[in-house]
Amino acid sequence: MTVKMRNIGPKSAAWLRQVGLRSLQDIAAIGTVEAFMKVRRAGFKPGLNLLYALEGALLDCHWQDVPEARRSELVQAAEAATALLPPPRYRPAAAPVTTTHHETTIAPAFALFDDDRHAGSESPADD
């Protein structure tokens, strides 16, 4: 971004630049939710704070001053758009996490020299 936008930090600015959104006008042209979704579709993992920050930038207010009703609308729209995304490729679908406990057994000791293997098995008859 050539001009620093309100509420947008360096990491968010980098994400936005990488998806082709370089100005407030670019974001205004597609809207808050679509800008957020472009970042998501690019493989980044933005939180809801980015959604609120984008809206705050468009309204020229601090992201915490975005009205609660508008925040709810944004979250619902983002969730609806996220539900339409295809599942991630090359990753299995998430499954319940299980814990497996394995019993540990002590492996037998290995002898380093031939003499060590027979040291304890010698009998008086071998003399």
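Here, the structure is the one placed above.
Residues numbered from 1 in each chain as written. Predicted model: local features only at pLDDT ≥ 70, side-chain atom pairs only at ≥ 80, totals over all residues. Heavy atoms only, no water.

On to the pattern of salt bridges, then. With the rule as written, the count across this model stands at four salt bridges. In this structure, Arg 6 engages Asp 60 in a salt bridge whose closest nitrogen and oxygen atoms are separated by 3.6 Å. With Arg 6 in the segment before helix H1 (10–18) and Asp 60 in the loop between helix H4 (48–59) and helix H5 (68–83), this pair connects stretches of sequence that are 54 residues apart. Owing to a relative accessible area of 41%, Arg 6 belongs among the partly exposed residues under this scheme. Close ionic contact of Glu 73 with Arg 70 constitutes a salt bridge, the shortest N to O distance being 3.0 Å. Taken together, the residues Glu 73 and Arg 70, both in helix H5 and three residues apart, mark about one turn of the helix. Judged by relative accessible area, Glu 73 falls into the partly exposed class, the value being 43%. When salt bridges with common partners are traced through the structure, they connect Glu 55, Arg 70 and Glu 73 into a single cluster. (Salt bridge = Lys/Arg side-chain N within 4 Å of Asp/Glu carboxyl O. Helix = DSSP H or I, 4+ residues; strand = E, 2+ residues; numbered from the N terminus. Buried < 20%, exposed > 50% of the residue type's maximum accessible area, 1.4 Å probe, protein only.)

Our next topic: the packing of helix H3 (residues 32–41) against H4. Running from amino to carboxyl end, H3 crosses H4 at an angle of 140°, the nearest separation of the two axes being 9 Å. As the angle between them shows, H3 and H4 are arranged oblique. Viewed along their axes, H3 and H4 form a crossing whose handedness is right-handed. Taking contact as the criterion, the partners of Thr 32, Val 33, Ala 35, Phe 36 and Val 39 in H3 are, on H4, Leu 50, Leu 51, Leu 54, Glu 55 and Leu 58. (Axes fitted to C-alpha atoms, helices over the stretch in contact; angles between N-to-C directions. Parallel < 35°, antiparallel > 145°, perpendicular 65-115°, else oblique. Left-handed = near helix turned anticlockwise from the far one by under 90°. Contact = heavy atoms within 4.5 Å.)

Along its 12 residues, H4 runs 17 Å from first to last C-alpha, staying within 8% of the 16 Å computed at 1.5 Å per residue. Residues of H4 that are buried: Leu 50, Leu 51, Tyr 52, Ala 53, Leu 54, Glu 55, Gly 56 and Ala 57. Check the buried side of H4 and you find it contacts H1, helix H2 (24–30), H3 and H5. One or two residues past the end of H4 sits Asp 60, with phi positive at roughly 55°. (Expected span 1.5 Å × (residues − 1).)

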